[in-house]
Amino acid sequence: MEIWIEKYRPSTFAEIRGQKNIVERIEAMTTQKSMPHLMFAGPSGVGKSTIALVIARTLFGEKWRENFLELNASDDRGIDIVRNTIKNFARLKSISNVPFKIIFLDECDSLTKDAQQALRRTMENFTKSTRFILSCNFSSKLIEPIKSRCAVFRFTALEENDVKEIVEHIAKNEKLKISDGTIKALFDISDGDCRKVENALQSCASISNKITPELIYDMVAAVNPIEIKNILEIAIKGDFVRARDLLFDVRLKRGLNGLDIIKQIQKEIWNLKLDDKKKIRLIDKCGEIEFRLVEGSDEHIQLETLLVNFIE
Amino acid sequence: MSWNEKFRPNRIREIVGQDNAIVALKECIMQRKPAILHGPTGTGKTSSVYAIAHEYGYDLVEVNASDIRNKKNMDGFMKNALMQESLISKNKIILIDEIDSLSGVKDRGGASAIVSAIKESNFPVVFTANNPYESKIRSLRTKSKLIEYKKVHYLEIQKKLKYILDSLGIEYTEDVLKTIALRSGGDVRGAINDLEVLSSNFDHLEGIGERENTETIFNILKLVFKSNEAKNVLGILMNSDINLDEFWLWLDENLPREYRGKDLIEAYDKLSRADVFYGRIRKWQYWRYLVYVDALLTAGVTASKGKKEAGFVSYKRGGRILKMWIMNRKNAMRKEISKKLAKKIHMSSGRVTKEVLPYLRIIVKNKKGIDVGLTKDEVNYLNEN
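Residues numbered from 1 in each chain as written. Chains lettered and ligands numbered in written order. Predicted model: local features only at pLDDT ≥ 70, side-chain atom pairs only at ≥ 80, totals over all residues. Heavy atoms only, no water.

Attention shifts here to the overall build of chain A. Within chain A, the secondary structure is distributed over 15 helices and 7 strands. Going through the 312 residues of chain A one by one, you find that 54% of them count as buried. Here the analysis covers contacts within chain A between residues at least 6 apart in sequence; of these, 74% occur between residues at least 24 apart. (Helix = DSSP H or I, 4+ residues; strand = E, 2+ residues; numbered from the N terminus. Buried < 20%, exposed > 50% of the residue type's maximum accessible area, 1.4 Å probe, protein only. Contact = heavy atoms within 4.5 Å.)

The subject of this paragraph is the packing of helix α11 (residues 227–237) of chain A against helix α12 (residues 240–254) of chain A. Residues and elements named next belong to chain A. Here α11 crosses α12 at 165°, and the two axes come no closer than 8 Å. With respect to each other, α11 and α12 are oriented roughly antiparallel. Crossing of α11 against α12: the hand is left-handed. Contacts between α11 and α12 pair Glu227, Ile228, Ile231, Ile234 and Ala235 from the former with Arg242, Ala243, Leu246, Leu247, Val250, Lys253 and Arg254 from the latter. Residues of the contact of α11 with α12, tallied by class, amount to 8 nonpolar, no polar and 4 charged. (Axes fitted to C-alpha atoms, helices over the stretch in contact; angles between N-to-C directions. Parallel < 35°, antiparallel > 145°, perpendicular 65-115°, else oblique. Left-handed = near helix turned anticlockwise from the far one by under 90°. Nonpolar A, V, L, I, M, F, W, Y, C, P; charged D, E, K, R; others polar.)

The next subject is the interface of chain A and chain B. Quite often, the size of an interface is put as the accessible area lost when its parts meet. Between chain A and chain B, the residue contacts involve 55 residues of the former and 49 residues of the latter. Together, the buried faces of chain A and chain B total about 4500 Å²; carbon and sulfur atoms form 54% of this surface. When the buried surface of chain A facing chain B is broken down by residue, A:Met1, A:Leu252 and A:Glu295 rank first, second and third, together holding 13% of it. Between A:Arg244 and B:Asp252 there is a salt bridge, and its shortest N-O distance comes to 3.6 Å. For the pair chain A and chain B, the interface holds 22 residue pairs in polar contact (both at pLDDT 80 or more). Those elements giving two or more residues to the side of chain A that touches chain B turn out to be α1 (4–7), α3 (48–60), β2 (68–72), α9 (194–205), α10 (213–223), α12, α14 (276–295) and α15 (299–308) of chain A. Classifying every residue of the side of chain A that touches chain B gives 20 nonpolar, 17 polar and 18 charged. (Buried area = accessible area lost by both parts, 1.4 Å probe. Salt bridge = Lys/Arg side-chain N within 4 Å of Asp/Glu carboxyl O. Polar contact = N/O pair within 3.5 Å; in protein donor to acceptor, adjacent residues only side chain to side chain.)

Further remarks concern the pairing of strand β1 (residues 37–41) of chain A. All names here are of chain A. For β1, the buried fraction is high: 5 of the 5 residues fall into the buried class. Covered by surrounding structure in β1 are His37, Met39 and Ala41 together with Leu38 and Phe40, the residues of both alternating faces. Both β1 and strand β5 (residues 150–154) contribute to a ladder of 5 bridges, which runs parallel. In the sheet register, Met39 faces β5, and the bridge partner there is Val152. With 4 bridges joining them, β1 and strand β4 (residues 130–136) adopt parallel strand pairing. Note that in β4 the partner of Leu38 across the bridge is Ile133. (Pairing = 2+ DSSP bridges.)

This part is about the packing of aromatic side chains. Under the defined criterion, the tally for this structure stands at 13 aromatic pairs over all chains. Centroid distance A:Phe40 to A:Phe155: 5.0 Å. Interplanar angle 50°. Geometry classified as tilted. With A:Phe40 in strand β1 and A:Phe155 in the loop between β5 and α7 (160–174), this residue pair connects regions lying 115 residues apart in the sequence. Neither A:Phe40 nor A:Phe155 differs from the other in exposure class; each is buried. Here B:Tyr289 and B:Tyr292 contribute two aromatic rings whose centre-to-centre distance is 6.5 Å and whose plane-to-plane angle is 55°, an arrangement assigned as tilted. Aromatic ring contacts, followed pair by pair, group B:Phe277, B:Tyr286, B:Tyr289 and B:Tyr292 into a single cluster. A cation over a ring is seen here: A:Arg131 above A:Phe100, with NZ or CZ 4.7 Å from the ring centre. Stacked on the ring of B:Tyr50, the Lys or Arg B:Arg8 has its end atom at 4.4 Å from the ring centre. (Phe/Tyr/Trp six-rings, centres within 6.5 Å; stacked < 30°, edge-to-face > 60°. Lys NZ or Arg CZ within 6 Å of the ring centre and 35° of its normal.)

A few words now on the side chain of B:His38. Structurally, B:His38 is set in strand β1 (residues 35–38). When residues no more than four places from it in sequence are discounted, the contact partners of B:His38 are B:Lys45, B:Ala129, B:Pro132, B:Leu146, B:Ile147, B:Glu148 and B:Tyr149.

This is the structure in structure tokens:
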């Protein structure tokens, strides 16, 4: 069995759900075999990588792999590695009737400012033979000179109707029975992220081919344990040492960084038994700590500082 | 008593991984020939002298070279120690530790005084040195046999750690021991210290790791926590030679044991602000900010406490870094899996870990094979974790 997020990844423009305007404009560019550098900004699981891949397939046909280099800025750390790989790739001329090759650089917002400057130089050096497609969650994290060299496309989260079409297509193929309310449930838990929809659907399908809203919600609960809530409650009761040790263990066990934790805490604050004034104070504190997290050097110190404010 | 003292070898066979060196050392002692034991710290130089003395019934006279500041001092001390036959007539070994730490102008002549003294000695003399090729002990070197202690193999260290935990009746997994042993870089003492710290963190046993700087850190912590006036503690961190990162871990670990309520919130806020300045130093290499880090960590924390409480609190070393390291090794398999998947499904491995693996686990657990190119081991890992 294949993993569905790959199995059901669209390979043509027609199969893509959502992002209508973007797809139209980009399809037009590929027909003319001419395009500028592109920047895709938007939340995850809404089609940024997919569209980049579809562009490559459409332009280069069978030979798309030879003409398309995919790098992930948060994995292929170090701009030097990126630069060398890019250099080697860009040096050879395109072996197709398209005058350029494509470099797709994912998660660009994880590059430091220095690395972005270096990237900008690299983009200039290879403009003749290559086009860059940069993808990121927040375009505000990229420096102006890079943005100004790209046509920027802003992707939006999927709508319920998009999710409906995706789910129905998969259900038909995998012979799943989808009961009433399931699509709404999937849309609910997904934040408009197609990857979440498909992952949740596939793991539910591994249990039963009858998919119900209850199953979906149970699945999400199983995947996102309520550890954070417990930790916050322990802190509220005043056992700070235990709370912060648990928090540290959870971070290690799940490979979560400081920001992941703050996001979860932020959501959980509203589920705690505290008066509203305190909740708002804590939300404000979350923001302050998130700011310090970015500026500071030891994430754990910052998280502890947040946690200590929960003590009643 | 620290575990290192508690488990200091009494018998030669308890010394791990230094068989050749010990044979040579025994020979020197029997023949009353001076020996210089050299090699990295924590490999058993001092311990093997102890063990030999104990096993063969020698008295051990221990002299720390850094205690003997000059020739005059040395002369008196050495002559006494070396010449006196004890009346009860037990044999003696003279152990002079850290001979290469004879330092600077004050020690001028110190080494040659030792040389002339050992010539007349009735007893075997053993030196330890971290670096025997130090020029100021050249004269000594030519008169002595050099015996090298090598870094101890990690499996030997692991065995030793196992022995310690077994005899204390503490439960463990081999994995943790192996990690500590590997991390020690051949330093048995260091490994035992780490083991002690770790076990006290995992099982809530009392006990404090024996570190070089422990005492200094202890005193500074006490001052910071107990002082009445913030001004008194200003600068004590800067004026000591303790590692800032290390101090930070100690402070973080012990703060909630000492402060409560509003005081704790305020103190953590100071730590958090200090960390922001620290981050800026790293980012911009603007080291003047260190003044603020220092002030916030010392005076800031002192000033946060409303009422000073007397009474002794036993401070612990933060085990965070070690835990992190051990976890990283445990998570190596997960990392491999994420990396493999990342290439296939066009995501970064970090994202795969967070967003895809939790679902994949469930699919695997429900015995549905999934074709993402994982090995059997990797599938098993997902199944179990």
